[in-house]
Amino acid sequence: MNAISVYYDGWQMDCCGEPFKIGDMVQWDCVKSNNDFLVQADYYYEAHDDTDLVIAGKVIEIYGIKCQYEKRDNGVLYPISYHKTPIP
């Protein structure tokens, strides 16, 4: 069995997510990652748009993601980097 990484946005959890912890079995609608995403992950959880597949498995690690933002000329903040912190 291979481990994969799934990015799960906090706003998605706040909106309609079900809390999970290490050791839980989960089943999530996901999209395959691509170069458009800042955070490197194999898949991204998606509860509000079309998805490519359903990922099911056991949670073995959880990380909090903290992004650094930069204001562009249009006044909009864009994420430019991130830091991962393990959550026990």
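Residues numbered from 1 in each chain as written. Predicted model: local features only at pLDDT ≥ 70, side-chain atom pairs only at ≥ 80, totals over all residues. Heavy atoms only, no water.

Considering the pairing of strand E6 (residues 77-86)
Just so we agree on the cut-off: Pairing between two strands is assigned when DSSP locates at least 2 bridges connecting them. The numbering of helices and of strands both runs from the N terminus, where a helix is a DSSP run of H or I of at least 4 residues and a strand a run of E of at least 2.
Pairing geometry for strand E5 (residues 63-71) and E6, over nine bridges, is antiparallel. Among the inter-strand pairings, Gln68 is bridged to a residue of E6, identified as Ser81.

Looking at the sheet that holds strand E3 (residues 43-45)
Ordered by their spatial adjacency, four strands build an open sheet running E1-E3-E2-E4, and the pairing between neighbours is mixed. At either end of the open sheet lies a strand with only one pairing partner, and these are strand E1 (6-7) and strand E4 (53-58). Where strand E2 (residues 25-32) and E3 come together, three bridges link them in antiparallel fashion. Pairing of Val31 across the sheet is with Tyr44, part of E3.

Observations regarding the side chain of Glu46
Here is the rule: Accessibility here uses a 1.4 Å probe with only protein chains present; expressed as a share of the type maximum, an area under 20% marks a residue as buried, one over 50% as exposed, and anything in between as partly exposed. In this charge count, Lys and Arg are treated as positive and Asp and Glu as negative; neither His nor the chain ends contribute. Should a side-chain nitrogen of Lys or Arg be within 4 Å of a carboxyl oxygen of Asp or Glu, the pair is scored as a salt bridge. In this analysis, two residues are considered to be in contact whenever any of their non-hydrogen atoms come within 4.5 Å of each other.
Mapped onto the elements, Glu46 comes out in the loop between E3 and E4. No salt bridge forms around the buried Glu46; measuring N to O, its nearest opposite-charge neighbour Lys32 is 16 Å away. Beyond its immediate chain neighbours, meaning those up to four positions away, Glu46 contacts Gln12, Asp29, Cys30, Val31 and Thr51.

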